[in-house]
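# Structural description and commentary
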Amino acid sequence: MSWIPFRLLRAAVFAAVAGPASLLLHLWSGGHTPGLLQAAGAFALVFAAAYAAGGRQRGFLVLAPLCLAAQWGLHELFQAGAVDAGAATAHAHGAGVSMWLVHVAAALAQASWLARGESAFAALLDLLALWFARLVRITGLGAPAPVRQRRFLTRTRVPRPAPVASAAISRRGPPRFAF
C-alpha cells in the first residue's frame, strides 16, 4: 500500500472525495462559487496532505480527524476567496452551528466511506497478488527453486538419557523367580 503509484491513487481518491463534498456544502450553505484556480488549489492542497499521510492503510479513527481537518481547511479556503466581503461575513455568521454540524457529518461520512474503500483496495491487492502467484506456479513461469539433496545420517549408538533423567528412570522390575 505504500508503493508510490498506490499512494498517488489513494491521495487522488481522498482529494476527489473531500474537495467536492466541501465545495458542495459550501455552495449549499450560501457561499460564493470559487474560481477554477481556487478549486484547483484546494484540490492540490488536499492531495498533498493526503499523499503525506498515506504511507500505510488507515482506519476510520485516523481518517475521521483528517477529514475534519480537510473540511475545515477547505471551508476557510473557500471563505477567504470570497470577492464580496459582505457576502463572506453573511455566510460566516448566517449558518452558525448548523453549518459546522453539517461539515462534521460530512467528514464522518467521508471517513467511513474512505476507510471501507481502503480495506476493499487492500483486499483487492491481496487477491491480485495471490492470483498472480498461482498463475506463475501453475504455468511454471517462475524461476526454478534449487533443490538441495538431504543427507540422512544413520545412528549407530543408542542415545543415553541425560544424568537428571537417568535418576528418575527405574529399571527395577519384579524378581525373575516370581514368574
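Residues numbered from 1 in each chain as written. Predicted model: local features only at pLDDT ≥ 70, side-chain atom pairs only at ≥ 80, totals over all residues. Heavy atoms only, no water.

## Quick look at the packing of helix α2 (residues 36-53) against helix α3 (residues 60-80)
Running from N to C, α2 and α3 point in directions that differ by 155°, and their axes come no closer than 11 Å. The orientation of α2 with respect to α3, classified from their angle, is roughly antiparallel. With respect to the hand of their crossing, α2 and α3 are arranged in right-handed fashion. Along the contact surface, α2 presents Q38, A42, V46 and A53, while α3 presents L66, L74, L77 and F78. Broken down by class, the residue content of the contact of α2 with α3 amounts to 7 nonpolar, 1 polar and no charged. (Axes fitted to C-alpha atoms, helices over the stretch in contact; angles between N-to-C directions. Helix = DSSP H or I, 4+ residues; strand = E, 2+ residues; numbered from the N terminus. Parallel < 35°, antiparallel > 145°, perpendicular 65-115°, else oblique. Left-handed = near helix turned anticlockwise from the far one by under 90°. Contact = heavy atoms within 4.5 Å. Nonpolar A, V, L, I, M, F, W, Y, C, P; charged D, E, K, R; others polar.)

## Notes on the nonpolar core
One finds F14, V46, C67 and L114 to be the most contacted residues of the largest nonpolar core, which totals 18 residues. Of all the elements in the fold, those that place two or more residues in this core are α1 (4-28), α2, α3 and α5 (97-139). If one sorts the elements of this core by residue count, α3 sits on top with 6 residues. Each residue touching L114, except ones within four places of it in the same chain, is listed here: V13, F14, V17, L63 and C67. (Core = buried A, V, L, I, M, F, W, Y, C linked by side-chain atoms within 4.5 Å. Buried < 20%, exposed > 50% of the residue type's maximum accessible area, 1.4 Å probe, protein only.)

## Looking at the side chain of Q110
Relative to the assigned elements, Q110 resides in helix α5. Discounting residues that sit within four places of it in the chain, Q110 has contacts with V17, A18, A21, C67 and Q71.

## Looking at the confidence of the model for the protein
Of all residues in the protein, 73% have pLDDT values of 70 or greater, and the mean over the chain is 76. Per-residue pLDDT, averaged within each element of the protein, yields its smallest value for helix α4 (residues 85-95) (54) and its largest for α2 (85). (pLDDT = per-residue confidence, 0-100.)

## Focus: the packing of aromatic side chains
Using the criterion set out here, one finds 3 aromatic pairs in the structure. Both rings, one in W131 and one in F132, keep their centres 4.9 Å apart while their planes meet at 70°; by these two values the pair is edge-to-face. A residue is classified by how much of its surface remains accessible, and F132, at 46% relative accessible area, is partly exposed. The ring of Y51 has R7 sitting right over it, with the charged end atom 4.5 Å from the ring centre. (Phe/Tyr/Trp six-rings, centres within 6.5 Å; stacked < 30°, edge-to-face > 60°. Lys NZ or Arg CZ within 6 Å of the ring centre and 35° of its normal.)

## A closer look at α5
Its 43 residues give α5 an end-to-end C-alpha distance of 62 Å, which sits within 8% of 63 Å, the value for a rise of 1.5 Å per residue. Listing the buried residues of α5 in full gives M99, H103, A106, A107, Q110, A111, L114, A115, E118, F121, A122 and L125. G140 sits one or two residues past α5 and shows a positive phi near 75°. (Expected span 1.5 Å × (residues − 1).)

## Overview of the environment of S119
Secondary-structure assignment places S119 in helix α5. A C-alpha to C-alpha distance of 8.2 Å links S119 and G59, two positions 60 residues apart in sequence.

## Quick notes on the packing of α3 against α5
Where α3 contacts α5, the axes come no closer than 8 Å and their chain directions differ by 135°. It follows that α3 is oblique to α5 by the angle criterion. Considering only the axes of α3 and α5, their crossing is right-handed.

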